[in-house]
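Letter by letter, the chains look like this.
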Amino acid sequence: MPFEPDIKRSLLVRQERSTSTLPRHLEHVVSLLREHGPTLAERYSWLEAMINHVPDYIYAKDLNGRFLFANNAVVLNNGLSSVDELIGLTDYDLHGPELAAPITEIEQRVMTSGIADLGFEERALKGGPDRWLMMSRVPLKDTEGNVVGVVGASRDITARKMSERLMSVQARLLEMIIAAVPANEFFKSFAILLQQAADGIETALFVPHGKTNLTLTACSAPEWLTGTTVCVDDMATAASKLEELVRRKRHSQDHVRSVEIRASDGSLHALLVLTLCGRSPEPAFCEFVKSAARLAGIAVDRLLAEKRIRFLAEHDALTGLLKRDGLDLRLKGILASAADAGTRVAVAFLDLDNFKLINDTLGHDAGDELLKEVASIIADAIGIDGLAARIGGDEFVVVFPDAGDDIMARAQRLRQSIGRLHLVNGHELRATASIGLAVYPDHGASPSHLLARADLAMYRTKRDGRDGVTLFAFEMAEEASQKLLRQEELRRALKLSEFILHYQPQKNLRTGAIIGVEALVRWNHPTEGLIAPSSFIPMAEENGLILELGAAVLEAACRQGRAWQDRGLTPVKIGVNMSARQFQDVGLTAMVADVLARTGLDPQWLEIEITESLIMKDVDAAVARMEELTKLGVALALDDFGTGYSSLSMLKRFPLSRLKIDRSFIAESPHDLDDCAIVSAIISLARTLGLEVLAEGVETQAQADFLLSAGCDEVQGFLLGRPEPPEDVERLLSLNQGKPSMDNFA
């Protein structure tokens, strides 16, 4: 036939040519078929040629499991050169009974039942333990519908399976970083996670011990390396030395690779040695290990930094006493024990009288020496059970657990000890102290209340002439009365609608479109002007006004969103923050539904922002409340993500639509590589979970450029706009008309 050479040229396409060119050849074949009409033999030949171009594995077997047909992919995978060598063979002939039996069982079930077995994932028989196939098997029937065999097709899903495993490891690493898991536990988990990421891999983790030794950590020690210590001339060459050591202990066909875990300053935290039995790792796995090592370096940096910061934060370098943070932490524990035991605790606030005069006349060195003397006297006075802290230049706090009726006498004895003569730099000095006392539970149940009230009592001592001891009395609490006055002002402000909303735009960096706004409440005080929420929200939460205030804010935001839509503006999401007290209220969902109904705002345009700490107070209750809200059609965003303590493995339980990256991670980006790595990991995690992600606190173009390159399109911050009154935001929204939102690309 005259067209036969054209057909052969169309069908005999080289196997290695890109599959993207195949449709063009098929179209040519179809056109030739329409013109000339092939014979049955030619049709079979063309069909066979086309199937042989498919990279998937396709075969047919008879009822006894003998191969009737297979494409080139199957032939080559079994080490044969042509399909003729395969026809008539069974899996038992090719793979032996142990591997063939499970295959035969599935195929016999398909042929017997006549029901297809689709999408079954299983390890490949060849190509290594990390190779995976997705198998489908359907019954082969003759023209009368009788089952005469089975047809199988499989696709290599190794890359997808590897990606899933590596993503899971990455998420766990990020979770450990945010949770500040202790170093030993982190390294143990890190080694285990890498072993789970690829079959047949062994890990050994060595940490520097001194300047020249590397010691194998017990958390990752294979038996053949137990007790190993490596001595190196220079830590810079430690990696190659370790690889050489491990290779000598392993089979020559094993793949050995070392990965350095370094600190941000370049110093070595640890060396990870990976051994893969009898094969080389996939390139994707090697790249992942490098990335994981960088995350591990960040994690250890954070752990060491936090340990150092905790020490410096808790201890005063001059006196050796605790600082304020350490005092608060320890005092909480003492108060908890006192609550269980039913005992009293006295807190003394001590201030040296006229200490500035000593500094000014004798110099700061003399003042420092006096402070150390006073600290020593205090330490002797409190005994082994007491607590002492220096919280200011010449201010000390002394805690007396199990305080009895003699507490005033004990405080007087302390004052007298401080007031004795001190020889400081050749000068005889007599220091005096003003002391205020507050007692748990009489004067307060928290460290802050006791310290504040002891402070008030100390100032009463100062007012009464110094060098004395005063026990707190509630009539001293002027600050408390001022607080009460403010609470009444809050109630009045609610009745008079003094609270107003400003809105901060949220934009898509790729399109430039405003995609939403966050509603931020302000108190328009009649005499003080605009008051920021940080000045009244905590008080409102404490006295219960937050429920009424929150409902008013929600209604105002929804009403404003509907008003903008009624004026013909493109709808955008309105973000409203939800406090812990509001979220715990059993009537929250009904209140939200009522507000939406009364304002006429479609629920899809409302986004409620909640924090990690709010959710983690009671996870089950929080999930139930979140599900109630999402059933209304309301979106939920996790605000300030990364600063709380939620488990990343639990995120999938939460019906969220968006993660908002906390501004603390954005502030130093893109200059701080640690922050950049964490932000990128959060973005990757959000994608994996199918969540939108928005970065808060974007103030520079460099930050915006970094976020865009990292895959975060949606941002909020001063770079794009400050919180503004509704009328100003309306002008921005009118300019936003016609700009494409991401909905246009869905």
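Keep in mind that this is a model prediction, so the values were computed, not measured. (Residues numbered from 1 in each chain as written. Predicted model: local features only at pLDDT ≥ 70, side-chain atom pairs only at ≥ 80, totals over all residues. Heavy atoms only, no water.)

Novice: Where do I start with the overall build of the protein chain in this structure?
Specialist: Scanning the protein chain from N- to C-terminus turns up 27 helices and 26 strands. Taking all 746 residues of the protein chain together, 47% fall into the buried category. Long-range pairs, those at least 24 residues apart, make up 61% of the contacts in the protein chain with a sequence separation of at least 6. When the accessible area of the protein chain is evaluated, it comes to approximately 36800 Å², of which 52% is carbon and sulfur surface. (Helix = DSSP H or I, 4+ residues; strand = E, 2+ residues; numbered from the N terminus. Buried < 20%, exposed > 50% of the residue type's maximum accessible area, 1.4 Å probe, protein only. Contact = heavy atoms within 4.5 Å. Areas by Shrake-Rupley, 256 points an atom, 1.4 Å probe, with all protein chains shown as cover.)

Novice: Explain the sheet that holds strand S16 (residues 433-440) to me, please; I cannot follow it from the model alone.
Specialist: Sheet strands pair by backbone hydrogen bonding; their relative direction is either parallel or antiparallel. If you walk across this open sheet you meet the 5 strands as S12-S13-S11-S16-S17, and the pairing is mixed. The open sheet has two edge strands, strand S12 (387-390) and strand S17 (469-471), and neither has a second partner. On average, adjacent strands in this sheet sit at an angle of 20° to one another, irrespective of strand direction. Relative to S17, S16 runs parallel, the two being bridged by 3 bridges. Directly across from Ile435, in S17, lies its bridge partner Val469. Here helix H16 (residues 447-463) sits on the sheet and contacts strand S11 (345-352), strand S13 (395-400), S16 and S17; the angle it forms with S16, its principal contact strand, is near 145°. (Pairing = 2+ DSSP bridges. Axes fitted to C-alpha atoms, helices over the stretch in contact; angles between N-to-C directions.)

Novice: Can you help me understand the environment of Leu509 in this one?
Specialist: Within the fold, Leu509 resides in the loop between strand S18 (499-508) and strand S19 (514-525). On a C-alpha basis, the gap between Leu509 and Val715 in space is 7.2 Å, while along the polypeptide they are 206 residues apart. Ignoring sequence-local partners within four residues, the contact set of Leu509 consists of Ala704, Leu708, Cys712, Asp713 and Val715.

Novice: What am I meant to see in helix H21 (residues 588-599) here?
Specialist: Residue pairs three or four apart in sequence face the same way in an α-helix, which turns once every 3.6 residues. Here H21 contains 12 residues, and its C-alpha end-to-end distance of 17 Å stays within 8% of the 16 Å for a straight helix at 1.5 Å per residue. Listing the buried residues of H21 in full gives Leu588, Thr589, Val592, Val595, Leu596 and Thr599. Projected down its long axis, H21 shows its buried positions confined to an angular sector of 130°, all on one face. Exposed side chains of H21 directed beyond 90 degrees from the buried face belong to Ala590 and Ala597. (Expected span 1.5 Å × (residues − 1). Arc of directions from axis to C-beta.)

Novice: How should unusual backbone geometry be read in this particular structure?
Specialist: Note the cis peptide between Tyr440 and Pro441, where omega equals 0°. The residue Pro441 is located in the loop between S16 and H16 in this model. In this chain, Ser669 is followed by Pro670 through a cis amide linkage whose omega measures 0°. Of note, Pro670 is situated in the loop between helix H24 (663-666) and helix H25 (673-688). Positive phi outside glycine occurs at Asn354, with the angle close to 55°. Mapped onto the elements of the fold, Asn354 is located in the loop between S11 and helix H13 (355-362). Even without being a glycine, Asn425 presents a positive backbone phi close to 50°. Mapped onto the elements of the fold, Asn425 is located in the loop between strand S14 (421-424) and strand S15 (427-430).

Novice: Please clarify how helix H19 (residues 546-566) should be interpreted in this entry.
Specialist: Counted at 1.5 Å a residue, the expected span for H19 with its 21 residues is 30 Å, and the 30 Å between its end C-alpha atoms agrees. Just beyond H19, the residue with positive phi is Gly568, at close to 90°.

Novice: Looking at this structure, I do not really get the pairing of S13. What am I missing?
Specialist: Working note: regular strand, side chains alternate between the two faces of the sheet. Counting buried positions over the 6 residues of S13 gives 5, a clear majority of the element. As paired strands, S11 and S13 are joined by 6 bridges and run antiparallel to one another. In the strand pairing of S13, Phe349 is matched with Val397. One ladder, built from 4 bridges, connects S12 with S13; its direction is antiparallel. Among the inter-strand pairings, Ala388 is bridged to a residue of S13, identified as Val398.

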